[in-house]
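So the chains spell out like this:
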Amino acid sequence: MSRRGDWVYENNGGTCVAIAGADYCVVAADTRLSVGYSILTRDHSKICELADKCVLASSGFQGDIKALHKNLSARELLYQHQHNKRMSCPAMAQLLSNTLYYKRFFPYYAFNVLGGLDSEGKGCVFTYDAVGSYERTGFSAQGTGSTLIMPVLDNQLKSPSPLLLPARDAVTPLSESEAVDLVKDVFASATERDIYTGDKLEIVVINKAGTKREYIDLRKD
Amino acid sequence: MAGAMDLPAKGGFSFDLCRRNAMLAEKGLKMPGFRKTGTTIVGLVFQDGVVLGADTRATEGPIVADKNCEKIHFMAPNIYCCGAGTAADTEAVTDMVSSQLQLHRYATGRESRVVTALTLLKSHLFSYQGHVSAALVLGGVDVTGPHLHTVYPHGSTDTLPFATMGSGSLAAMSVFESKYKEGLTREEGIQLVSDAICAGIFNDLGSGSNVDVCVITKGKTEYLRNHQLPNPRTYVSSKGYSFTKGQTEVLSTKITQLKPKVEVTESDAMEE
């Protein structure tokens, strides 16, 4: 890939996770920014609050991610002016999908996880690929550590098999504190084995009372 | 084709499959990766001998394959060697030269010299034209005094007062260039080596986990495995995990007996 002279992307590493609960949503991402084998900064947030009940976490090429977050924030502000209310999470989910597909032939190198509360106040998580294919799920992980984290979440969050009929609701029965504990443990494990994940973990919890932010230290090696 | 396969392999590399591999790679087949050690390895000469240091992370691409591997290899009681590059290559080449040195000690009746190990390593690596991907920091103390050398995969060597190799070598060298001076004491030497390895551990993504140190002086070698452990696990869930039956969804079950059941009946013991 890098033999061609026209490769314009780079992967800045990092991992994002989101878990939906009955009346809360947890969105978390590490804060390490890297390029190649070097660390650029240990203190970079991958999380963007787009609306009061809607939070986006993205990993991949930070140049494209900054542009994407800026684009979506601007669109949300326009929506507020036109409709006199903030965008709901499912509405933002559709907007993000359309924004990504708009650049289908020169994509945003961004792997996104959108989390928040839907119009009924239940937790929702939307997971995306780089060109806008999306799905509402109960939990998701994206980024360099996603392959290490997803199997653990699949096992612990009692996700009903997608092959079962009738289709079952994916929201986890865990309490908010249990979900946060799981996220911390799963990131500590991913940090052990993925060189691009580490330094600090930023956890954002959204519930009907509002948004809460927490930081915990991860391995710095 | 009858006689072609009969000759036993003479050893060394066989390049027979290279053309096939190139054809497959062109068709889009991904070649399997080698495990490289990522790595920060260092060595320095102090007033009484040499100090070697290494991190303990082994990587397979972006994944940590071993969190606490040993990169300081035994060559002789008075000579140790740190290895960076492909893990299998560093292990194999140091084991091989270590055996050769032992046979040489029996033949000569003397303690091994560092230049002997150096010559054996460099001639082996040169003859493989860089295909044996081993980058080494060789250090020891013999009758001629303390010695420190670097050995590169193509077979070139340098003789230096302080040296670093591996992906974290720049981070470690920046520490050495700032703080190294001649005539360091044992404690200063160990501290400087640890600082250099820590620089690699925290600033290079290919290096991590713990610091191994080896101090070689006239008549005594101390291998300080895990001299520093600056990276404990940050969070352990107090809730723990249980993997009960039924937690993973079973979609269907089918049991096939491997052998038909055999009936065992009481019978007389066999006659001798």
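Since the structure is predicted, the reported quantities are computational estimates derived from the model, not experimental observations.

1. Notes on the side chain of B:T94
Among the secondary structure elements, B:T94 is positioned in helix α2 (residues 87-108). In this structure B:T94 touches B:H73, B:F74, B:M75, B:C81 and B:L136, once residues within four positions along its chain are discounted.

2. Some remarks on the interface of chain B and chain A
Each partner contributes residues to the interface: chain B has 35 residues there, and chain A has 35 residues. Contact between chain B and chain A buries roughly 3000 Å² in total, counting both sides, with carbon and sulfur atoms accounting for 49%. The three residues of chain B that bury the most area against chain A are B:L205, B:R233 and B:Y235, which together make up 24% of that side's buried surface. Viewed at the interface, chain A and chain B are joined by three salt bridges.

3. Concerning the pattern of salt bridges
One pass over the structure, following the stated rule, counts 24 salt bridges over all chains. Salt-bridge contacts for A:R42 lead to A:D199; the nearest nitrogen and oxygen are separated by 2.8 Å. Taken as a pair, A:R42 in the loop between β4 (38-41) and β5 (47-51) and A:D199 in the loop between α4 (176-193) and β11 (200-207) lie far apart in primary sequence, 157 residues in all. Note on A:R42: relative accessible area 26%, which makes it partly exposed. The structure contains a network of salt bridges with shared partners spanning A:E192, A:R219, A:D221, B:R57 and B:K67.

4. A look at the pairing of strand β7 (residues 110-117) of chain A
All names here are of chain A. Along β7, seven of the eight residues are buried, which leaves the element largely enclosed by surrounding structure. Across seven bridges, strand β6 (residues 54-60) lies against β7 in antiparallel orientation. Each residue of the ladder has a partner; that of S58, found in β7, is N112. Alignment of β7 against strand β8 (residues 123-128), held across five bridges, turns out to be antiparallel. Looking at the pairing, V113 lines up with T127 of β8. Adjacent in sequence and paired antiparallel, β7 and β8 are bridged by five residues, among which G121 carries a positive phi angle near 90 degrees.

5. Structural notes on the pairing of β6(A)
Residue and element names in this part refer to chain A. The element β6 is extensively covered by neighbouring structure, given that seven of its seven residues are classed as buried. Burial along β6 is two-sided: the face carrying C54, L56, S58 and G60 and the face carrying V55, A57 and S59 are both buried. Both β5 and β6 contribute to a ladder of four bridges, which runs antiparallel. If you follow E49 over to β6, its bridge partner there is V55. Where β5 folds back onto β6 in an antiparallel hairpin, the turn is made up of two residues.

6. Some remarks on the packing of helix α3 (residues 146-156) of chain A against α4(A)
Helix packing for two helices is described by the angle between their axes and how far apart those axes are. All names here are of chain A. The contact between α3 and α4 brings their axes to 9 Å, and the two run at 150 degrees. Classified by the angle their axes make, α3 and α4 are roughly antiparallel. For the element pair α3 and α4, the recorded crossing hand is right-handed. The segment α3 lies against α4, with L148, I149, V152, L153 and Q156 engaging L182, V186, A190 and R193. When the residues that make up the contact of α3 with α4 are grouped by side-chain class, the tally is seven nonpolar, one polar and one charged.

7. Re helix α1 (residues 62-83) of chain A
Residues and elements named next belong to chain A. Compared with the 32 Å implied by 1.5 Å per residue over 22 residues, the 31 Å span of α1 between its first and last C-alpha is a close match. If you check which residues of α1 are buried, you get Q62, D64, I65, L68, H69, L72 and E76. Taken down its axis, α1 places every buried residue within 145 degrees of arc, on the same side. The exposed set on the far side of α1, more than 90 degrees from its buried face, consists of K70, H81 and Q82. Positive phi appears at N84, one or two residues downstream of α1, with a value of about 60 degrees.

8. Here's the deal with unusual backbone geometry
Positive phi outside glycine occurs at A:D199, with the angle close to 70 degrees. Unusually for a residue other than glycine, B:Q129 sits at a positive phi of about 50 degrees. Tracing the backbone shows B:Q129 in the loop between α3 (114-127) and β7 (134-142).

Rules used throughout
Residues numbered from 1 in each chain as written. Chains lettered and ligands numbered in written order. Predicted model: local features only at pLDDT ≥ 70, side-chain atom pairs only at ≥ 80, totals over all residues. Heavy atoms only, no water. Helix = DSSP H or I, 4+ residues; strand = E, 2+ residues; numbered from the N terminus. Contact = heavy atoms within 4.5 Å. Buried area = accessible area lost by both parts, 1.4 Å probe. Salt bridge = Lys/Arg side-chain N within 4 Å of Asp/Glu carboxyl O. Buried < 20%, exposed > 50% of the residue type's maximum accessible area, 1.4 Å probe, protein only. Pairing = 2+ DSSP bridges. Axes fitted to C-alpha atoms, helices over the stretch in contact; angles between N-to-C directions. Parallel < 35°, antiparallel > 145°, perpendicular 65-115°, else oblique. Left-handed = near helix turned anticlockwise from the far one by under 90°. Nonpolar A, V, L, I, M, F, W, Y, C, P; charged D, E, K, R; others polar. Expected span 1.5 Å × (residues − 1). Arc of directions from axis to C-beta.

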